[in-house]
Amino acid sequence: MPSIVMEQLSKRYGSLMALDSLSLTLEGGRCVGFLGPNGAGKTTTLKLLTDLIKPTSGKASINGYDVHTEKRRALERCGALVETPEIYPSLTPREALSLLAEMRGIRGGEREERVKAVIEEVKMEDWMDSRIGKFSKGMKQRINIASTLLAEPEIIILDEPTSGLDPRGMAEVREMIRSLKRKNILIFMSSHLLSEVQDICDDVAIVDHGKLLVHGPLSEVTSKFLPEGAKRTIDVQCSASVDDALKSKVASIEGVVSVDGGSGRMSIAFSGGSAAQAKLLEEMVKLNIGVYSFREATTSPLEETYMRLIKETL
Ligand SMILES: Nc1ncnc2c1ncn2[C@@H]1O[C@H](COP(=O)(O)OP(=O)(O)OP(=O)(O)O)[C@@H](O)[C@H]1O
Ligand SMILES: [Mg+2]
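In this convention, every chain numbers its residues from 1, walking through the sequence in written order. The order in which chains are written sets their letters, starting at A; the order in which ligands are written sets their numbers, starting at 1. Totals for whole chains, interfaces and linings use every residue, but because this is a predicted model, local features are given only for residues with pLDDT of at least 70 and side-chain atom pairs only at 80 or more, for both listing and counting. Working from all heavy atoms in the structure, the side-chain values ignore hydrogens and water.

Enquirer: Mind showing me how you'd approach the pairing of strand E12 (residues 256–262) here?
Expert: Remember that side chains alternate between the two faces of the sheet whenever the strand is regular. Sheet topology places E12 next to strand E13 (residues 265–270); six bridges connect them, and they run antiparallel. Counted as the bridge partner of Gly261 is Met266 from E13. Adjacent in sequence and paired antiparallel, E12 and E13 are bridged by two residues, among which Ser263 carries a positive phi angle near 35 degrees. Strand pairing is assigned whenever DSSP detects at least two bridges linking the two strands. Secondary structure elements are defined from DSSP: runs of H or I of at least 4 residues count as helices, runs of E of at least 2 residues count as strands, and each element is numbered from the N terminus.

If you want it as structure tokens, here you go:
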């Protein structure tokens, strides 16, 4: 089973702890989203994992091999896109990937076949012999992803793989990641896009200020930070001022888990389904508080969780 294990991993730059005793174990064919604000330590973590930089203390291993002392074995079946230099523009995908395959030690006989296979995997076979310099960002990123597949990886490490791509490019890269998941590959990818993580990842790990805040299956992580039993949040706007008396009236309506708010706004954590939600609206109207907006919050549970966690550590 593919595995990534980080033990008390730290990286210091001068007085800055870019990564502070991160311990995290990832196992099995799953996709783990790595989230955190700018400067949180995500890229630092991924660079440590691929031995691009050395830890100040602690260690990391891949499939049981220390990434520093047993680098070759550790990274043998690991494809990574972290700080990838641009591919030389006058090369074609076939040429660029053949060079990379050679560097990875893939033998001459196998090389050609492997290169073809990975180009097909990222659906670039029609462009195999065109110069990369002419490619769009999305096409270049597909070739980059193809390069991570050369070694028939069990583990793939990606630093913001869809960053800078247009919506269609993003969708294509996401679809590729989904198809890798089906092959029992462990994918560890950083992202700033909560909807993307929600969409393609099984697990999530959130870091801030170099510290791990939470790690676990998406649904577990998000349910931990929503009020007990709440399924959704409903945002209400009304002309009456929202005081404690009104909040407790609303809190006593069936299905309401908790009520937050003030100055004409309420945020209601709600446990019921749509029938109960219709009833809630009726009850709210009966309160005569001039409800003029009643809608499910557009923030996703992951967004809610992220915001709460990050705010706590400001
Ligand atoms: N070579 C370096 N020298 C000094 N400080 C560094 C160096 N590399 C990173 N840092 C600092 O370490 C911290 C973590 O950086 P890192 O790149 O890991 O963040 P990140 O989570 O990837 O952020 P982003 O979301 O912006 O990519 C930041 O404060 C950054 O300025
Ligand atoms: Mg980064």
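Enquirer: Would you take a moment to explain the pattern of salt bridges for this structure?
Expert: Opposite charge on two side chains makes pairing possible when the charged atoms of those side chains draw close. Throughout this description, the term salt bridge denotes a Lys or Arg side-chain nitrogen within 4 Å of a carboxyl oxygen of Asp or Glu. Going through the model one piece at a time under the given rule, you end up with 22 salt bridges. The partner of Glu76 in a salt bridge is Arg72, and the shortest N-O contact between them spans 3.3 Å. With a gap of four residues between them, Glu76 and Arg72 both fall in helix H2 (residues 71–76), about one helical turn apart. Throughout, exposure labels follow a simple rule: accessible area from a 1.4 Å probe, protein chains only, divided by the maximum for the residue type, with under 20% read as buried, over 50% as exposed, and the rest as partly exposed. Using a relative accessible area of 37% as the deciding quantity, one classes Glu76 as partly exposed.

Enquirer: Any chance you could explain the sheet that holds strand E5 (residues 65–66) here in plain terms?
Expert: Paired through their backbone hydrogen bonds, the strands of a sheet run either parallel or antiparallel. With antiparallel pairing, four strands are arranged side by side in an open sheet as E2-E1-E4-E5. At either margin of the open sheet sits one strand with a lone partner, and together these are strand E2 (16–27) and E5. Sheet topology note: the strand E4 (residues 57–62)/E5 ladder contains two bridges and is antiparallel. If you follow Ile62 over to E5, its bridge partner there is Tyr65. Across the face of the sheet, helix H1 (residues 42–49) comes into contact with strand E1 (3–13), E2 and E4 while running at roughly 120 degrees to E1. In this description, contact between two residues means that some pair of their heavy atoms is separated by no more than 4.5 Å. Orientation is described by lines fitted to C-alpha atoms, with helices fitted over the stretch in contact, and by angles between N-to-C directions that extend from 0 to 180 degrees.

Enquirer: Would you mind going over the environment of Ser61 with me for this structure?
Expert: Along the chain, Ser61 falls in strand E4. Remark: the alpha-carbon pair of Ser61 and Ala151, spanning 90 residues in sequence, is separated by 18 Å.

Enquirer: Looking at this model, I keep getting lost on the site of ligand 1. Mind explaining?
Expert: Taken together, 13 residues surround ligand 1, and among them Gly39, Lys42, Thr43, Thr44 and His192 come closest. Contacts to ligand 1 include Gly41, whose backbone N or O atom sits 2.9 Å from an oxygen atom. Pairs of N or O atoms are called polar contacts if they sit within 3.5 Å, as long as, within protein, a hydrogen donor faces a hydrogen acceptor (for residues adjacent in sequence, only side-chain-to-side-chain pairs). Between Thr43 and ligand 1, the recorded distance is 2.8 Å, taken from a side-chain N or O atom to an oxygen atom. To be clear on the numbers: accessible area is Shrake-Rupley with a 1.4 Å probe, and residue cover counts the displayed protein chains and nothing else. Burial of ligand 1 by the surrounding chains reaches 61%, relative to a free accessible area of 640 Å². Only E2 and H1 provide two or more residues apiece to the shell around ligand 1. Polar here means any residue other than Ala, Val, Leu, Ile, Met, Phe, Trp, Tyr, Cys and Pro, which are nonpolar, and Asp, Glu, Lys and Arg, which are charged; Gly is therefore polar. Residue composition of the shell around ligand 1, by class: five nonpolar, six polar and two charged. A molecule or strand has a residue near it when one of that residue's heavy atoms lies within 4 Å.

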